[in-house]
Amino acid sequence: MNEYNIHAGLRGPRAPGAALAQALRADLEAAFGIGFTEDGDGHGPTFTWGDGDRWLSLWVADPPDRDEPHHSHPARITAAETDANAFAHQVFEALDTTGRYSLFMIDDDWELVRTNSDLARAQWDETHGD
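Within each chain, residue numbers correspond to sequence positions counted from 1 in written order. Owing to the predicted nature of the model, reporting of local features is limited to residues with pLDDT of at least 70; listing and counting of side-chain atom pairs is limited to 80 or more, with chain, interface and lining totals taken over all residues. Excluding hydrogens and water, the side-chain figures rest on all heavy atoms present in the structure.

Undergrad: In this structure, what is going on with the nonpolar core? I would like to understand it.
TA: Buried together is how nonpolar side chains tend to be arranged in soluble globular proteins. Grouped together as the largest cluster of nonpolar side chains are 25 residues, with contacts concentrated most on L24, L56, I77, V91 and L95. Under the DSSP-based scheme used, a helix requires at least four consecutive residues in state H or I and a strand at least two consecutive residues in state E, with every element numbered from the N terminus. Breaking this core down by element, the ones donating at least two residues are strand 1 (2-10), helix 1 (17-32), strand 3 (46-50), strand 4 (54-60), strand 5 (75-81), helix 2 (86-98) and strand 6 (101-107). Considering each element in turn, this core owes the most residues, five residues, to helix 2. Note on contacts: a residue pair qualifies if any of its non-hydrogen atoms lie within 4.5 Å across the two residues. Each residue touching I77, except ones within four places of it in the same chain, is listed here: Y4, N5, I6, A8, L24, L28, L56, S57, L58, V91 and L95. Think of a nonpolar core as a cluster: buried Ala, Val, Leu, Ile, Met, Phe, Trp, Tyr and Cys residues, connected wherever their side-chain atoms sit within 4.5 Å. Only protein chains enter the accessibility calculation, which uses a 1.4 Å probe; a residue whose area is less than 20% of its type maximum is buried, one above 50% is exposed, and one in between is partly exposed.

Structure representation (structure tokens):
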């Protein structure tokens, strides 16, 4: 299974984690015609969806850990697909198209795959760059 993590934060003023989670959930459900299941773990909103070949997991740290390097991108969307990586890129594109999110995507080796904003690039470079 190919797995990618997409870290997301809202562009503009910081919103509570629950608001970010609901916005991401609504955008992903609309983009892919899916319905997430809520799997709260007490550490922030958590939602999952899967169809056998692909799955998504959405988790938002609430409140964000200020010591965590990705505090400006507190949401983590894990996109996985059995035989390819196209689904993760489709998820990234769907969120990027809204214009509401700053995003960066990493693979399971913690290598930066892509980003859509200077903030996301700076956040990554600050903690993982060369």
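Moving on, there is more to tell.
Undergrad: Sorry, what's going on with the side chain of D27 here?
TA: Looking at the secondary structure, you find D27 in helix 1. When residues no more than four places from it in sequence are discounted, the contact partners of D27 are L95, T98, R100 and Y101.

Undergrad: Would you mind showing me how to read the sheet that holds strand 1 here?
TA: Strand pairing in a sheet relies on backbone hydrogen bonds. The paired strands run either parallel or antiparallel. When DSSP finds at least two bridges between two strands, those strands are taken to pair. What the seven strands build is an open sheet, ordered 2-3-4-5-1-6-7; its pairing is antiparallel. The open sheet has two edge strands, strand 2 (37-38) and strand 7 (112-115), and neither has a second partner. With two bridges joining them, strand 2 and strand 3 adopt antiparallel strand pairing. Residue T37 lies in a different strand from strand 3, and its bridge partner there is T48. In the packing of helix 3 (residues 118-128) onto the sheet, contacts are made with strand 6 and strand 7, and the angle to strand 6 comes to roughly 40 degrees. Here the axes come from fitting lines to C-alpha atoms, over the contacting stretch only for helices, and the angles between their N-to-C directions go from 0 to 180 degrees.

Undergrad: Can you walk me through helix 2 in this structure?
TA: It helps to recall that an α-helix has 3.6 residues per turn; residues three or four apart then point in one direction. Taking 1.5 Å per residue, 13 residues should reach 18 Å; helix 2 reaches 19 Å between its end C-alpha atoms and fits that length. Inspection of helix 2 places F87, A88, V91, F92 and L95 among the buried residues, and these make up the whole buried set. Within helix 2, the buried residues cover an arc of 145 degrees as seen down the axis, which keeps them to one side. After helix 2 finishes, the residue G99 shows a positive phi value of roughly 75 degrees. The span one expects for a helix is its residue count, reduced by one, times 1.5 Å. Working note: the arc is built from the helix axis to C-beta atom directions.

Undergrad: What am I meant to see in helix 1 here?
TA: Here helix 1 is 16 residues long and its end C-alpha atoms lie 22 Å apart, about the 22 Å a rise of 1.5 Å per residue gives. G33 occupies a position one or two residues after helix 1 and carries a positive phi of about 60 degrees.

Undergrad: Before we go on, may I ask you to explain the packing of aromatic side chains in this structure?
TA: For any pair of aromatic rings, the description consists of the separation of the ring centres together with the inter-plane angle of the planes. The pairing test for Phe, Tyr and Trp rings, Trp by its six-membered ring, is centres within 6.5 Å, and the orientation test on the planes gives stacked under 30 degrees, edge-to-face over 60, and tilted for anything in between. Counting across every chain of the model gives three aromatic pairs. Their ring planes at 70 degrees and their centres at 5.5 Å tell us that F32 and F87 sit as a pair that is edge-to-face. You can see F32 sitting in helix 1 and its partner F87 sitting in helix 2, a full 55 residues away along the chain. Its relative accessible area of 2% is what places F87 among the buried residues. Their ring planes at 45 degrees and their centres at 6.2 Å tell us that W49 and F87 sit as a pair that is tilted.

Undergrad: I tried to follow the pattern of salt bridges on my own but got confused; where do I start?
TA: Proximity of charged atoms lets side chains of opposite charge pair with each other. Within this document, salt bridges are pairs made up of a side-chain nitrogen of Lys or Arg and a carboxyl oxygen of Asp or Glu, the two lying within 4 Å of each other. Taken as a whole and judged by the stated rule, the model has four salt bridges. Across the salt bridge formed by E29 and R25, the nearest N and O atoms sit 3.2 Å from each other. On the criterion of helical spacing, the pair formed by E29 and R25 is a turn pair, its members being four residues apart in helix 1. A residue is classified by how much of its surface remains accessible, and E29, at 22% relative accessible area, is partly exposed. Across the salt bridge formed by R54 and D51, the nearest N and O atoms sit 3.2 Å from each other. With relative accessibility at 25%, the residue R54 sits in the partly exposed group.

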